Amino acid sequence: MDAAPEVRVEGDVTIIPVVEERVVVTRELYLREEIHVRRVHRTETDEIPVTLRRQTVRIERSSIEDRDDESPIKHKDDQDEL
C-alpha cells in the first residue's frame, strides 16, 4: 500500500483508518559487475642447458682359435641370454 486509505462513512458509522509504517527488508540480487575470463592456448620453446653423461663400449671379438676350449661361443640368435 503506497498511500493511507481515506476516511469513509458507511451508514451512521464513520471509519477512520489508523496506519503505521513498517520497514520491510527484502533481499534482491543486483548485478554489480562482470568478470570476463578468456582462455588462450600458448606454446613456448625454451632452451635449457643440461649436462649429459655418455658412455662408450668397445667390443673386441677374437677368433675361435684364440678362445679357450672351455668357454662356449654364444651368438645373438642363441636361446640363452647373453
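Residues numbered from 1 in each chain as written. Predicted model: local features only at pLDDT ≥ 70, side-chain atom pairs only at ≥ 80, totals over all residues. Heavy atoms only, no water.

(A) Expanded view of the overall build of the protein chain. Summing up its helical and strand segments, the protein chain has 0 helices and 2 strands in all. Across the 82 residues that make up the protein chain, the buried fraction comes to 0%. As presented, the protein chain carries roughly 10,800 Å² of accessible surface, and 47% of it is formed by carbon and sulfur atoms. (Helix = DSSP H or I, 4+ residues; strand = E, 2+ residues; numbered from the N terminus. Buried < 20%, exposed > 50% of the residue type's maximum accessible area, 1.4 Å probe, protein only. Areas by Shrake-Rupley, 256 points an atom, 1.4 Å probe, with all protein chains shown as cover.)

(B) Inspection of the pattern of salt bridges at higher detail. Applying the stated criterion to the full structure yields 4 salt bridges. Of the charged contacts, one joins Arg8 and Glu10 as a salt bridge, the two residues approaching to 3.1 Å between their closest N and O atoms. Here Glu10 falls in the partly exposed class, since its relative accessible area comes to 47%. Note that Arg42 is salt-bridged to Glu44, the shortest N-O span being 3.1 Å. (Salt bridge = Lys/Arg side-chain N within 4 Å of Asp/Glu carboxyl O.)

(C) Representation of a nonpolar patch on the surface. Taken together, the side chains of Ile48, Val50 and Leu52 present a nonpolar region at the surface, about 380 Å² in accessible area. Note on placement: Leu52 falls in the segment after β2 (13-15). Given a relative accessible area of 72%, Leu52 falls into the exposed group. (Patch = residues over 30% accessible without salt bridge, like charges linked within 9 Å, V, L, I, M, F, W, Y side chains within 5 Å.)

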